[in-house]
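# Remarks on the overall topology
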Amino acid sequence: KTDIVCSSQIRYLVPDAGFWELRNEPGGLMKFCINKLKPFKPRFEKPSTGLCAVILARDRYPNEEIGVTGFDYTLYPEEDQVWRHDQFAENRRIETLDIIELFT
């Protein structure tokens, strides 16, 4: 098990946990995630923080199991969902990342 916080805000840094800061700058982690979502032609270019966390986890831990919980819009997109992000593009992207859905 690994604890890593993924956020665009440093205030969420947690002692004794890893931290992936999603800065939107050249070479930054957000740009990396945007580039990983682009092939799926999203209508809203910026991926959600949750999808960014999964993209980064798969990149850094390519041979490990990655479990997610929640992710309702990303895992089960529906036409009538109102969400800032593109749940259909995010769904197509996350389906390629070999994740395990954890139920609570």
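Our structure's up above, just so we're on the same page.
Here the focus is the side chain of N91. Along the polypeptide, N91 turns up in helix α4 (residues 87-94). Owing to a relative accessible area of 15%, N91 belongs among the buried residues under this scheme. If near-sequence neighbours (up to four positions away) are discounted, N91 is found in contact with T74, L75, Y76 and P77.

Right, let's talk about helix α1 (residues 29-37) for a bit. By the burial criterion, the buried members of α1 are L29, M30, C33, I34 and L37. Along the axis of α1, the buried residues cluster in a sector spanning 140 degrees; they form a single face. Buried residues belonging to α1 abut β2 (18-21), α2 (49-60) and α4.

Our next topic: the side chain of Q81. Relative to the assigned elements, Q81 resides in the loop between α3 (72-75) and α4. Only 3.1 Å separates the side chain of Q81 from the side chain of Q87, close enough to count as a polar contact. If we ignore the near neighbours within four places in the chain, the residues touching Q81 are D72, Y73, Y76 and Q87.

Next up on the list: α4. Among the eight residues of α4, six are classified as buried, and the element is accordingly described as predominantly covered. Where α4 is concerned, the buried positions are Q87, A89, E90, N91, R93 and I94. Tucked inside the fold, the buried residues of α4 contact α1, α2 and α3. The N-terminus of α4 is capped by D86, whose side-chain oxygen sits 3.0 Å from the backbone nitrogen of F88.

Once that is clear, we can look at the environment of D59. Positionally, D59 belongs in helix α2. Residue D59 is classed as partly exposed on the basis of its relative accessible area, which comes to 40%.

Pairs can form between side chains of opposite charge whenever their charged atoms are close. Following the criterion strictly, the structure yields three salt bridges and no others. Notably, a salt bridge pairs E21 with R23, separated by 3.2 Å at the nearest N-O pair. For E21, a relative accessible area of 22% translates into the label partly exposed. Judged by relative accessible area, R23 falls into the partly exposed class, the value being 42%. For the salt bridge of R23 with E25, the shortest nitrogen-to-oxygen distance reads 3.8 Å. Overlapping salt bridges bring together E21, R23 and E25 as one network.

Quick notes on the rules
- Along each chain, residue indices are assigned from 1 in the same order as the chain's sequence is written.
- Two thresholds apply to this predicted model, a pLDDT of at least 70 for residue-level local features and 80 or more for giving and counting side-chain atom pairs, whereas whole-chain, interface and lining totals are computed over all residues.
- The side-chain values count all of the structure's non-hydrogen atoms but skip hydrogen atoms and water molecules.
- Going along the chain from the N terminus, every DSSP run of H or I of four or more residues is numbered as a helix, and every run of E of two or more is numbered as a strand.
- For every residue, the accessible area obtained with a 1.4 Å probe (protein chains only) is divided by the maximum for its type, and the residue is called buried under 20%, exposed over 50%, and partly exposed between those limits.
- Working rule for contacts: check all heavy atoms of both residues, and any pair within 4.5 Å makes them a contact.
- Here the arc refers to the set of directions running from the helix axis out to each C-beta atom.
- Counted as a polar contact is a pair of N or O atoms within 3.5 Å, where, for protein atoms, one must be capable of donating a hydrogen and the other of accepting one, and residues adjacent in sequence contribute only when both atoms are in side chains.
- Salt bridge, as used here, is a side-chain nitrogen of Lys or Arg placed within 4 Å of a carboxyl oxygen of Asp or Glu.

Limitation: the analysis is restricted to geometry and does not speak to function.
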